[in-house]
Amino acid sequence: MAPLEKTDLLQGTLDLLILKVVALGPVHGYGIAQRIRQISSDVLQVQQGSLYPALHRLEKRGWIAADWGESENNRQARFYRLSAKGRKQLVAEEETWNRLSQAVALILRTAE
Amino acid sequence: MPSQDQSPRNTSDNVDREIAHHIEALTEANIAQGMSPEEARHQALIEFGGREQVKQSVREVHTSAIAESIAFHLKAALRFLRKSPSFSLAVILTLALGIGANSAVFSAIDAIVLRPLPFPNGDRLVVLYQHDSKGRDANRFVAPVRLEDWNASTPPSSPSAATTSTTSPKHRALSPRKSLKFSSLLASLKRSESRPHSAANSLLLKSTGEDRTPFSSATPSGSDASMVIPMRSGKNST
């Protein structure tokens, strides 16, 4: 559980990550944080202080929807799932991210 | 399984429960790693950090749309003001003068017309002045002493005098012999207020110069005593 060095997420990147994780299936806030952490091999740690505002922001925009349900350990948890609007948004943001990261990578390579 | 929430009203409640669930999950993960339950919960609380901050920032998500647009418009307004200061100054001056003039006029109207006079029965106050039909006495003011004299010198009026005086309130020439006590005049005025056309409450009482009976003790000969009741009509009917 040793906290790794926290990588600051670019504004907007967190939204993309949340959308991507939620696209895998209904998941609660804790699960989202855990999955981002596990999939990124502990490189990315989402702070609760940014996770929940982001979840509510995305929900307000209609990209994700939330329902109360029972978690794996029989507790009430708020499960988030992707809406149709959110699916489109995810595709668009993935494209943007790929273009951005390719551009950054290109600059890093060329400028060497 | 999933139940429908939620009205925006229980957002705060939702966030509370969400946070509680998150902390429980963290606690369980810590226990799974071999911590004692208390230690696990303690660590979970530490790891989660400021609950109130999280709740506050979620609240801000739900309010920010309005706040942001207000801030945006305010900033735009300020930028516009700074961009053309002379125009801004002209607009501000126009507004200031306009508002100032309006409030000045309104204060005057409020004090003169809208507010009742600051006396009991303010709508029954009268202004008395006298008029010399022969033009010998230019002084139209009635001295308080003279008014007292009038009151003292005139015998109680007959009811007919009072009613006569009110039938045509605007310019009613009283018969010289009619003596009129001031107080009964007021009483008759009060009655006349119910009459629509007496609304102006203007009553001119005249006595010709030849007859000095009613006013002789106080008025110089030939002077008319006129009485004009002002303007403030019908107040007590509202």
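**As for the confidence of the model for chain B**
Residue and element names in this part refer to chain B.
- In this model, chain B carries an average pLDDT of 68, and 58% of its residues clear a pLDDT of 70 or more.
- Per-element averaging of pLDDT across chain B places helix α6 (residues 159-167) at the bottom with 37 and helix α4 (residues 85-114) at the top with 94.
- Taken as a whole, residues 158-181 scores under 50 in pLDDT and shows 52 contacts with residues more than four places along the chain or in a different chain.
- Scored below 50 in pLDDT, residues 192-224 makes 91 contacts in the model with residues more than four places away or belonging to other chains.
- For this predicted complex, the interface confidence score (ipTM) comes to 0.75, while the overall pTM stands at 0.47.

**Focus on the interface of chain B and chain A**
- Contacts between chain B and chain A engage 28 residues on the former and 27 residues on the latter.
- Between chain B and chain A lies a buried interface of about 2,500 Å² when both sides are counted; carbon and sulfur atoms form 53% of it.
- Contact with chain A buries surface across chain B, with E18, H21 and H22 of chain B losing the most and accounting together for 25% of the total.
- Taken together, the connections running from chain B to chain A amount to four salt bridges.
- For the salt bridge of R75 of chain A with E24 of chain B, the shortest nitrogen-to-oxygen distance reads 2.6 Å.
- At the boundary of chain B with chain A, the tally comes to six residue pairs in polar contact (both at pLDDT 80 or more).
- Of all the secondary structure elements, the ones that give two or more residues to the side of chain B that touches chain A are α1 (11-32), α2 (37-48) and α3 (51-83) of chain B.
- At 13 residues, α1 of chain B tops the list of elements feeding residues into the side of chain B that touches chain A.

**A short note on the packing of aromatic side chains**
- Enumeration over the complete set of coordinates arrives at two aromatic pairs over all chains.
- Between Y52 of chain A and F48 of chain B, the aromatic rings sit 6.3 Å apart at their centres with planes inclined by 40°, giving tilted as the arrangement. In this pair, Y52 of chain A sits in helix α3 (residues 48-61) while F48 of chain B sits in helix α2, so the two residues belong to two different chains. For the pair shown, Y52 of chain A and F48 of chain B are each scored as buried.
- Arranged with centres 6.4 Å apart and planes meeting at 85°, the rings of F80 of chain B and F87 of chain B form a pair that is edge-to-face.
- On the basis of relative accessibility, which here comes to 47%, the residue F87 of chain B falls in the partly exposed class.
- Of note, R17 of chain B hangs over the ring of W68 of chain A, and the distance from its end group to the ring centre comes to 3.9 Å.

**Regarding the pattern of salt bridges**
- The tally for this structure, following the rule as stated, stands at 13 salt bridges over all chains.
- E47 of chain B is the salt-bridge partner of R37 of chain A, the closest N and O atoms lying 3.8 Å from each other. Residue R37 of chain A is located in helix α2 (residues 29-39), and its partner E47 of chain B is located in helix α2; the two belong to separate chains.
- A relative accessible area of 14% places R37 of chain A in the buried class.
- Among the ionic pairs, E52 of chain B bridges to K55 of chain B, the shortest N-O distance being 3.3 Å. Residue E52 of chain B and its partner K55 of chain B are located together in helix α3, separated by three residues, close to a single helical turn.
- Residue classification places E52 of chain B among the partly exposed positions, given a relative accessible area of 48%.
- Via salt bridges that share partners, D15, R57 and R61 of chain A belong to a single interconnected network.

About the cut-offs
- Residues numbered from 1 in each chain as written.
- Chains lettered and ligands numbered in written order.
- Predicted model: local features only at pLDDT ≥ 70, side-chain atom pairs only at ≥ 80, totals over all residues.
- Heavy atoms only, no water.
- pLDDT = per-residue confidence, 0-100.
- Helix = DSSP H or I, 4+ residues; strand = E, 2+ residues; numbered from the N terminus.
- Contact = heavy atoms within 4.5 Å.
- Buried area = accessible area lost by both parts, 1.4 Å probe.
- Salt bridge = Lys/Arg side-chain N within 4 Å of Asp/Glu carboxyl O.
- Polar contact = N/O pair within 3.5 Å; in protein donor to acceptor, adjacent residues only side chain to side chain.
- Phe/Tyr/Trp six-rings, centres within 6.5 Å; stacked < 30°, edge-to-face > 60°.
- Buried < 20%, exposed > 50% of the residue type's maximum accessible area, 1.4 Å probe, protein only.
- Lys NZ or Arg CZ within 6 Å of the ring centre and 35° of its normal.

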